[in-house]
6 protein chains.
Amino acid sequence: MRPNDRKADQVRPIKITRNYTAYAEGSVLVEFGNTKVLCNASVEESVPRWLKGQGKGWVTAEYGMLPRATHTRNRREASSGKQGGRTLEIQRLIARSLRAVVDLEAMPDLMITVDCDVIQADGGTRTASITGASVAMADAFAHLVAKGALKKNPMKSHVAAVSVGILGEDILCDLEYVEDSAADTDMNVVMTEDGRMIEVQGTAEGEPFTHEELMDLLAVARKGIADIVETQKKALESN
Amino acid sequence: MRPNDRKADQVRPIKITRNYTAYAEGSVLVEFGNTKVLCNASVEESVPRWLKGQGKGWVTAEYGMLPRATHTRNRREASSGKQGGRTLEIQRLIARSLRAVVDLEAMPDLMITVDCDVIQADGGTRTASITGASVAMADAFAHLVAKGALKKNPMKSHVAAVSVGILGEDILCDLEYVEDSAADTDMNVVMTEDGRMIEVQGTAEGEPFTHEELMDLLAVARKGIADIVETQKKALESN
Amino acid sequence: MRPNDRKADQVRPIKITRNYTAYAEGSVLVEFGNTKVLCNASVEESVPRWLKGQGKGWVTAEYGMLPRATHTRNRREASSGKQGGRTLEIQRLIARSLRAVVDLEAMPDLMITVDCDVIQADGGTRTASITGASVAMADAFAHLVAKGALKKNPMKSHVAAVSVGILGEDILCDLEYVEDSAADTDMNVVMTEDGRMIEVQGTAEGEPFTHEELMDLLAVARKGIADIVETQKKALESN
Amino acid sequence: MRPNDRKADQVRPIKITRNYTAYAEGSVLVEFGNTKVLCNASVEESVPRWLKGQGKGWVTAEYGMLPRATHTRNRREASSGKQGGRTLEIQRLIARSLRAVVDLEAMPDLMITVDCDVIQADGGTRTASITGASVAMADAFAHLVAKGALKKNPMKSHVAAVSVGILGEDILCDLEYVEDSAADTDMNVVMTEDGRMIEVQGTAEGEPFTHEELMDLLAVARKGIADIVETQKKALESN
Amino acid sequence: MRPNDRKADQVRPIKITRNYTAYAEGSVLVEFGNTKVLCNASVEESVPRWLKGQGKGWVTAEYGMLPRATHTRNRREASSGKQGGRTLEIQRLIARSLRAVVDLEAMPDLMITVDCDVIQADGGTRTASITGASVAMADAFAHLVAKGALKKNPMKSHVAAVSVGILGEDILCDLEYVEDSAADTDMNVVMTEDGRMIEVQGTAEGEPFTHEELMDLLAVARKGIADIVETQKKALESN
Amino acid sequence: MRPNDRKADQVRPIKITRNYTAYAEGSVLVEFGNTKVLCNASVEESVPRWLKGQGKGWVTAEYGMLPRATHTRNRREASSGKQGGRTLEIQRLIARSLRAVVDLEAMPDLMITVDCDVIQADGGTRTASITGASVAMADAFAHLVAKGALKKNPMKSHVAAVSVGILGEDILCDLEYVEDSAADTDMNVVMTEDGRMIEVQGTAEGEPFTHEELMDLLAVARKGIADIVETQKKALESN
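Thresholds, definitions, all that
- What you see as residue numbers is a count from 1 along each chain, following the sequence as written.
- As a convention, the first chain written is A and the first ligand written is 1, with the rest following in written order.
- This being a predicted model, a pLDDT of at least 70 is required before a residue's local features are given, and a value of 80 or more before pairs of side-chain atoms are given or counted; all residues contribute to the totals for chains, interfaces and linings.
- Only hydrogens and water are removed before side-chain values are computed, so all heavy atoms of the structure are retained for them.
- Numbered from the N terminus, helices here are DSSP runs of H or I no shorter than four residues, and strands are runs of E no shorter than two.
- Each residue is placed in one exposure class: buried if its accessible area under a 1.4 Å probe, protein chains only, is under 20% of its type's maximum, exposed if it is over 50%, and partly exposed if it falls in between.
- A contact between two residues is defined here by any heavy atoms of the two lying within 4.5 Å.
- We call two strands paired when DSSP finds no fewer than two bridges between them.
- Angles here are taken between N-to-C directions and fall from 0 to 180 degrees, while the axes themselves are lines fitted to C-alpha atoms, restricted in helices to the stretch in contact.
- Accessible area that two parts lose when put together, with a 1.4 Å probe and added across both, is what the buried area reports.
- Basic side-chain nitrogens of Lys or Arg form a salt bridge, by our definition, when they fall within 4 Å of a carboxyl oxygen of Asp or Glu.
- A 3.5 Å cut-off defines polar contacts: any pair of N or O atoms within that distance qualifies, except that in protein one atom must be a possible hydrogen donor and the other a possible acceptor, and neighbouring residues in sequence count only when both atoms are side-chain atoms.
- One fewer than the residue count of a helix, multiplied by 1.5 Å, yields its expected span.
- For this overlay, a least-squares fit was computed on C-alpha atoms, restricted to residues scoring pLDDT of at least 70 in both copies.
- When the sulfur atoms of two cysteines come within 2.5 Å, that pair is taken as a disulfide.
- Two rings belonging to Phe, Tyr or Trp (six-membered ring only in the last case) form a pair when the distance between their centres is within 6.5 Å. Interplanar angles under 30 degrees mark stacking, angles over 60 mark edge-to-face geometry, and anything in between is tilted.
- UniProt positions are given in the numbering used here, feature names are shortened, and annotations may be inferred rather than shown by experiment.
- Every residue carries a pLDDT, the predictor's confidence in it, which falls somewhere between 0 and 100.
- Here the word oblique covers every angle except those under 35 degrees (roughly parallel), over 145 (roughly antiparallel) and from 65 to 115 (roughly perpendicular).
- Crossing handedness is defined as follows: a turn of the near helix away from the far one that is anticlockwise and smaller than a right angle gives a left-handed crossing, while the clockwise case is right-handed.
- Charged means Asp, Glu, Lys or Arg here, nonpolar means Ala, Val, Leu, Ile, Met, Phe, Trp, Tyr, Cys or Pro, and polar covers whatever is left, Gly included.

Engineer: Just to check I follow, could you spell out the side chain of Thr127 of chain D for this structure?
Structural biologist: Residues and elements named next belong to chain D. Its location among the elements puts Thr127 in helix H3 (residues 125-146). For Thr127, a relative accessible area of 1% gives the class buried. Look past the residues within four positions of Thr127 in its chain and what remains in contact with it is Phe32, Ala161, Val162, Ser163 and Asn188.

Engineer: When you look at the sheet that holds strand E5 (residues 111-120) of chain A in this model, what are you seeing that I'm missing?
Structural biologist: What holds strands together in a sheet is hydrogen bonding between their backbones, with the strands either parallel or antiparallel. Residue and element names in this part refer to chain A. Sheet architecture is open: 5 strands sit in the order E1-E2-E3-E5-E4, paired in mixed fashion. In this open sheet, the two edge strands, each paired with only one partner strand, are strand E1 (14-18) and strand E4 (58-65). Averaged over neighbouring strand pairs, the angle between their axes works out to 20 degrees when direction is ignored. Across 5 bridges, E1 lies against strand E2 (residues 26-32) in antiparallel orientation. Looking at the pairing, Arg18 lines up with Val28 of E2. Along the sheet, helix H5 (residues 211-237) contacts E1 and E2; its crossing angle with E1, the most-contacted strand, is approximately 25 degrees.

Engineer: How should I be thinking about the interface of chain A and chain B in this particular structure?
Structural biologist: You'll often see interface size given as the accessible area lost when the parts meet. At the interface, 36 residues of chain A touch 36 residues of chain B. Here chain A and chain B share an interface that buries about 2900 Å² over both sides, 49% of which is from carbon and sulfur atoms. Of all residues in chain A, Tyr23, Arg68 and Arg76 of chain A give up the largest surface area on contact with chain B, accounting jointly for 28% of the area buried on that side. In this assembly, chain A and chain B are joined by 12 salt bridges. Of the charged contacts, one joins Arg73 of chain B and Asp115 of chain A as a salt bridge, the two residues approaching to 2.6 Å between their closest N and O atoms. Taken together, the links from chain A to chain B amount to 21 residue pairs in polar contact (both at pLDDT 80 or more). Only strand E3 (35-44), E4, helix H1 (77-80) and E5 of chain A provide two or more residues apiece to the side of chain A that touches chain B. It is E5 of chain A that contributes the most residues to the side of chain A that touches chain B, 6 residues altogether.

Engineer: Help me understand helix H2 (residues 85-99) of chain F in this model?
Structural biologist: Side chains that are three or four residues apart share a direction in an α-helix, a result of its 3.6 residues per turn. Residue and element names in this part refer to chain F. The first and last C-alpha atoms of H2 sit 21 Å apart over 15 residues, in line with the 21 Å expected at 1.5 Å per residue. With 12 of its 15 residues buried, H2 lies for the most part within the structure. Where H2 is concerned, the buried positions are Gly85, Thr87, Leu88, Glu89, Ile90, Gln91, Leu93, Ile94, Ala95, Arg96, Ser97 and Leu98.

Engineer: Would you mind going over the relation of the copies chain A and chain B with me for this structure?
Structural biologist: Two copies of one chain are present, and they are related through a rotation about an axis combined with an axial shift. Mapping chain A onto chain B leaves a residual RMSD of 0.0 Å; the transformation is a rotation of 180 degrees accompanied by 0.0 Å of translation along its axis. When the rotation and shift are considered jointly, the pair of chain copies conforms to a two-fold rotation axis. For chain A, the minimum C-alpha distance to the rotation axis belongs to Ala78 of chain A and amounts to 1.8 Å. Same-surface contact between copies: 100% of interface residues of chain A are shared with the interface of chain B.

Engineer: Looking at this structure, how should I read the state of the cysteines?
Structural biologist: By definition, a disulfide links the sulfur atoms of two cysteines through a covalent bond. Applying the stated rule across the entire model yields 0 disulfides over all chains. For the unlinked cysteine Cys116 of chain B, the closest cysteine sulfur is that of Cys39 of chain B, found at 4.0 Å.

Engineer: Is there a simple way to think about the sheet that holds strand E2 (residues 26-32) of chain D in this case?
Structural biologist: All names here are of chain D. In spatial order, the strands read E1-E2-E3-E5-E4; together these 5 strands make up an open sheet with mixed pairing. Each end of this open sheet is capped by a strand with a single partner; those strands are strand E1 (14-18) and strand E4 (58-65). Averaged over neighbouring strand pairs, the angle between their axes works out to 20 degrees when direction is ignored. Relative to strand E5 (residues 111-120), strand E3 (residues 35-44) is paired through 9 bridges, and the arrangement is antiparallel. For Cys39, the partnering residue across the bridge sits in E5 and is Cys116. In this fold helix H2 (residues 85-99) packs onto E4 and E5, with an angle of close to 145 degrees to the strand it touches most, E4.

Engineer: Looking at this model, I keep getting lost on the packing of aromatic side chains. Mind explaining?
Structural biologist: Here a ring pair, both rings aromatic, is described through the centre-centre distance and the interplanar angle of the planes. Residue and element names in this part refer to chain F. Summed over the entire model, instances satisfying the criterion amount to 6 aromatic pairs over all chains. Between Trp50 and Trp58, the ring centres sit 4.8 Å apart and the planes meet at 85 degrees, which makes this aromatic pair edge-to-face. Residue classification places Trp50 among the exposed residues on the basis of a relative accessible area of 53%. Taking the relative accessible area as the measure of exposure, Trp58 reaches 18% and is therefore buried.

Engineer: Would you mind showing me how to read the UniProt feature "domain: Exoribonuclease phosphorolytic" (unreviewed entry) in chain A here?
Structural biologist: Residue and element names in this part refer to chain A. Within this structure's numbering, the places UniProt gives as "domain: Exoribonuclease phosphorolytic" (unreviewed entry) are residues 10-140 and 159-224. Each end of residues 10-140 is marked by a C-alpha atom, and these two atoms are 30 Å apart; helix forms 27% of the span and strand 31%. Annotated as 27% helix and 44% strand, the span residues 159-224 places its first and last C-alpha atoms 13 Å apart.

Engineer: Would you explain the confidence of the model for chain A in this entry?
Structural biologist: For chain A, per-residue confidence averages 96 on the pLDDT scale, and residues scoring 70 or more make up 100% of the total. For this predicted complex, the interface score ipTM comes out at 0.95, while the overall pTM is 0.95.

Engineer: It is not clear to me how the UniProt feature "binding site: phosphate" (unreviewed entry) in chain A should be interpreted in this structure. Could you clarify?
Structural biologist: Residues and elements named next belong to chain A. Residues annotated by UniProt as "binding site: phosphate" (unreviewed entry) correspond here to Arg86, Gly124, Thr125 and Arg126. These residues run over 41 residues, yet every pair of their C-alpha atoms falls within 13.3 Å of each other. Its location among the elements puts Gly124 in the loop between E5 and helix H3 (125-146). Setting aside residues up to four positions removed in sequence, Gly124 forms contacts with Arg12, Thr35 and Leu175. Classification of Thr125 as buried rests on a relative accessible area of 5%.

Engineer: I tried to follow the packing of helix H5 (residues 211-237) of chain E against helix H5 (residues 211-237) of chain F on my own but got confused; where do I start?
Structural biologist: A pair of packed helices can be characterised by two numbers: the angle between their axes and the separation between those axes. Contact pair H5 of chain E / H5 of chain F: the axes reach a minimum separation of 13 Å and the direction vectors enclose 160 degrees. With respect to H5 of chain F, the axis of H5 of chain E lies roughly antiparallel. Note that H5 of chain E runs across H5 of chain F; the crossing there is right-handed. Contact residues: His211, Leu214, Met215, Leu218 and Arg222 of chain E in H5 of chain E; His211, Leu214, Met215, Leu218 and Arg222 of chain F in H5 of chain F. When the residues that make up the contact of H5 of chain E with H5 of chain F are grouped by side-chain class, the tally is 6 nonpolar, 2 polar and 2 charged.

Engineer: For this particular structure, what's the right way to read the pairing of strand E3 (residues 35-44) of chain C?
Structural biologist: The two faces of the sheet receive side chains in turn, since in a regular strand these alternate between them. Residues and elements named next belong to chain C. Summarising burial for E3: 8 of the 10 residues are buried, a large majority. Bridge analysis of strand E2 (residues 26-32) against E3 gives 7 bridges, and the strand direction is antiparallel. Residue Val30 lies in a different strand from E3, and its bridge partner there is Val37. As consecutive antiparallel partners, E2 and E3 are separated by 2 residues, and within that stretch Gly33 has a phi angle of approximately 60 degrees, a positive value.

Printed below as a string of structure tokens:
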């Protein structure tokens with residue numbers, strides 16, 4: 001049995017708090033159980049140099065973890081002088097996932113940067129980040145529409161993500177830390193609200209996995225993401 | 001009149017939430033009005049190399065600001081590859097202030113690191129950090145006493161801090177951002193709970209200040225800190 | 001039709017040259033068409049500090065690209081002062097893929113580092129790197145067995161990789177640069193010699209992809225990897 | 001009794017040598033006893049990017065210490081790859097102190113950088129730096145007036161600084177190294193020539209200090225700075 | 001007797017392979033015995049900022065060594081975060097040597113960067129780099145002439161280099177690694193094709209050397225370089 | 001005619017001031033005309049890690065230039081985050097030159113670091129540095145002998161250096177800045193006190209140079225160094 005009597009294919013309680021901080025155009029605290037990530041979307045009226053003059057916009061993301069978001073303290077990346085490989089890998093994944101649901105040509109000369117900062121980590125920080133960032137970005141676009149900078153919202157879909165894994169015989173959805181560190185295979189799946197895939201990243205930590213296992217993992221992920229997209233939609237409907 | 005009808009010598013509403021995150025030995029969210037800082041105290045059973053074998057302990061601090069804690073987004077220090085001068089200056093100040101109230105010889109071979117991360121900034125982040133860090137450190141020491149690693153708490157006093165400033169003719173206590181950026185003189189005062197001074201840092205941003213003005217600033221700071229220490233004590237009494 | 005009259009599910013001509021340089025315990029030049037990567041496996045009789053005293057070994061990898069491996073010159077990472085996010089992501093992938101086929105407990109206190117340096121890049125450098133690194137690592141282990149440092153080779157399988165993608169209506173295997181930059185979806189698949197999966201990383205660059213498309217991509221990848229493993233085996237049989 | 005029979009409220013012999021090096025628009029070697037700092041003021045006809053087009057000028061400072069300025073050799077900051085927190089803190093203090101006495105609007109599109117490099121350190125390097133930098137800056141402005149780039153000197157006052165401290169029962173002025181490292185409280189005071197305050201930075205190294213002690217420290221500082229301003233004026237009168 | 005029965009004043013077998021990679025405007029693999037360096041010349045239609053608007057061009061070089069080019073693995077400079085002193089020294093030497101034979105005014109607003117990357121190192125990597133870079137640069141200029149960007153080739157001469165040294169009683173030409181590490185004096189000589197000198201860098205590793213020894217070293221270097229220039233010319237004649 | 005009526009083969013007035021600062025075991029201000037370099041030799045009772053346990057000592061050097069040592073201000077290397085290629089090249093040259101005259105086996109487990117910091121630069125800073133460093137190192141060894149840490153001085157010779165160059169038709173000794181920047185060929189020569197060579201580094205800045213020109217340069221260098229060694233000896237004789 002999983003911690004808190006969760007079923008194998010069940011996501012943790014997910015909570016999305018909008019307007020969590022005061023200044024960002026979109027500010028979301030997303031919680032997947034004990035994993036808590038603050039996602040702040042910032043609008044800038046300029047694009048990176050390499051994109052200038054093309055009539056397009058850009059969406060990017062940065063990821064960080066507070067030093068004591070974890071059981072033992074990690075060294076602060078600002079102090080060690082560089083972002084680690086894991087950090088860079090995650091923020092590239094978040095950024096790609098967000099861009100996949102945005103029509104960049106419909107936001108000319110605008111840039112949105114979503115900062116995902118992990119306040120508390122209990123597994124699944126990258127999938128929680130993508131899930132929260134999607135809502136924060138939606139708020140930022142709504143802000144741009146409201147103030148007249150955009151005629152219509154360039155988001156084509158919500159984007160949500162979940163981790164799935166193989167632990168012994170079980171296919172588990174939304175692994176928390178103790179499960180994640182014991183899993184044989186770990187997979188992160190990013191989908192649109194209608195269930196098409198944006199990213200699939202499966203890694204064999206122990207034994208290689210078979211085609212059948214991959215099918216099972218995807219099925220569980222699809223179900224979990226459907227629940228997560230529900231939560232996103234409800235959060236955005238509330239005022 | 002000040003924003004929110006505050007009186008010149010009045011601090012903003014101060015809120016101290018203990019056990020804000022789950023893993024740190026002391027975890028405090030401190031709020032001075034809209035300024036919100038998460039202060040996590042981490043215990044390590046080792047000391048820096050230069051202190052080894054002296055039978056002493058150490059207390060240090062790190063400071064950071066989330067990129068969108070402010071009105072416009074700041075570049076992430078982890079990404080720019082180094083902590084700025086302002087950051088280093090503030091974290092040195094926090095660490096000195098904490099050490100000033102700890103008997104380092106009474107915590108042999110133990111180190112406490114307090115991470116102060118600004119979630120939202122509206123002036124006074126360094127004084128809020130010191131105020132919250134004192135409570136987080138107290139909880140960490142209580143944890144060490146409870147588990148038997150220390151016989152008694154090596155803290156000799158609480159430490160609290162407030163900013164004061166001269167704005168036109170007025171001596172103001174606990175400046176928020178719009179006041180701070182307009183002030184002629186800005187002073188940060190750090191005191192023990194019985195009102196003795198640990199740090200006094202006054203800077204003339206515009207006109208130099210006189211001895212009389214310095215006296216007025218200190219009087220206002222003393223009153224503000226007394227209120228802040230009250231709030232610290234109440235927070236620690238709860239539970 | 002693809003360049004060089006390749007069929008959609010066909011890999012480019014693959015060439016594996018062993019003993020390419022003189023000093024490395026395993027040295028392989030791997031060519032996937034015009035993509036050429038030098039994979040040098042180095043043996044060290046020590047392990048990273050965090051692994052000391054556990055009776056295990058370690059396998060890691062580094063990745064680099066010569067500045068003019070590409071159509072236009074890229075800035076040298078040694079000169080810019082850090083490895084980019086793409087570089088770190090790739091070398092983490094290579095290292096994980098190699099470790100997935102090695103019994104680390106059967107190589108106590110030994111470390112193998114495989115350097116994958118791209119001499120010429122025409123798409124698929126990460127999958128070529130994994131493919132070549134597997135052979136270089138096999139040679140390094142053979143060297144250790146030959147000199148008596150290991151009783152038996154701790155490799156459990158070869159590991160090979162290929163990229164697949166969706167370009168318009170077509171599912172293509174082993175994309176070269178012009179195909180890769182036009183593809184809607186790009187997927188890298190890493191498998192053992194018996195076709196079990198080690199890594200699956202699919203990314204929608206344009207439109208999200210469906211479950212059926214994912215199935216098609218995996219089928220094409222499986223066929224391509226079977227051919228690549230054949231080439232690896234032949235290379236290792238030759239003396 | 002203090003070293004060299006100094007009285008408690010007496011500054012060390014202070015020597016200011018102008019035109020110490022040949023190229024800088026202002027070049028001053030300042031000596032406070034054995035503390036020797038070379039202060040070179042450089043004029044540039046451009047301002048930092050963020051100040052462009054505002055019709056203002058800028059004054060900044062940098063601080064460094066030769067590796068063997070101290071009893072034991074310190075690592076060269078250029079070699080360690082960054083300036084330490086103490087260095088950044090000091091150069092920010094010097095720069096603020098200088099700007100406090102300059103009318104930046106009266107030096108449009110001009111920038112002065114004062115480099116303070118410590119040749120020999122025996123306590124009080126930051127206060128000596130400010131004192132010498134003021135004279136070097138005055139010479140640089142005189143140079144600009146002489147060549148017609150400025151109609152009048154934008155300096156509103158000299159600026160001078162001294163350290164004071166509490167050592168046991170005594171309030172000491174201008175501490176040398178052995179005194180500084182034993183002091184309970186250390187305070188740096190920066191004043192204009194008419195005795196108004198620009199910076200007051202007091203730190204309790206041991207016991208917190210009382211309001212009365214702060215008053216005594218300020219009185220001693222005021223007297224010391226009056227002597228230092230005398231020396232500055234004499235140096236500038238000589239040709 | 002030297003390894004491979006080489007005579008004291010004899011260079012190793014030298015091989016120059018043009019068009020070694022596909023994209024660079026000049027791409028040369030140069031081999032001095034077991035020392036193998038890939039020299040890629042890249043053309044850019046812009047010059048460094050400090051040279052803009054002067055109607056001149058620029059030639060520069062970068063140098064690197066693959067981590068396992070040597071008997072034991074060296075740390076990757078991209079990973080350690082900076083190029084070492086030896087690397088910077090060598091690439092400055094290569095760049096100066098190339099510029100010495102180019103009329104920079106005859107290549108307005110064009111820049112050539114030659115990347116010299118050592119695939120395998122057995123002594124003399126800097127002299128092999130200069131020798132190969134000269135041919136790669138010649139090809140790049142020929143490319144510019146062929147496409148009409150330049151009317152005539154701005155190279156005034158080939159440039160070639162060799163190391164010479166004193167080992168015991170012997171004056172040796174083109175030292176390989178085992179000789180180089182045992183030599184008392186090591187000298188690198190860079191010459192034009194007509195035997196005039198561009199760089200002479202002699203270093204006493206053990207005993208200082210006399211004027212007579214210097215004369216002997218130069219004579220041997222001159223003879224070796226004549227042979228090397230022959231090889232360069234033959235390589236460039238072949239198509 | 002040269003500035004100050006110097007003859008072509010004449011060195012500038014050379015002045016060597018010992019005990020220039022108070023703490024270094026050897027502290028020398030060396031002046032070659034307007035070029036002024038402070039050379040501080042520091043003794044440490046430990047050697048670099050790679051040399052431990054071999055019963056040998058080590059001599060090394062670091063070089064720096066104050067930002068305003070030159071006609072226009074250079075960026076501070078500590079602030080830009082790394083030492084430039086020129087700096088590293090020079091400090092490697094100084095260190096090799098010093099080691100060439102020391103019996104490292106006669107100074108077991110001792111290290112001397114000579115910091116050469118340029119206070120004012122007018123050409124020839126590297127040769128002045130070597131010349132001054134030799135005297136500072138001699139004083140440091142004398143200090144070690146005096147306090148009994150060494151039985152005898154491990155220096156085998158003084159070491160001195162000079163720059164020579166070709167300017168038009170003239171062979172000039174000890175070039176100052178205006179000469180150096182106009183010279184066709186620039187050569188730095190480092191010799192022992194008996195005139196044997198330690199380093200010869202000749203560079204054609206404009207036209208390549210002939211064998212005859214090299215002979216002339218060496219003859220002029222030899223004469224200049226003889227004068228410089230005289231000055232070194234006189235400085236060391238004085239008390």
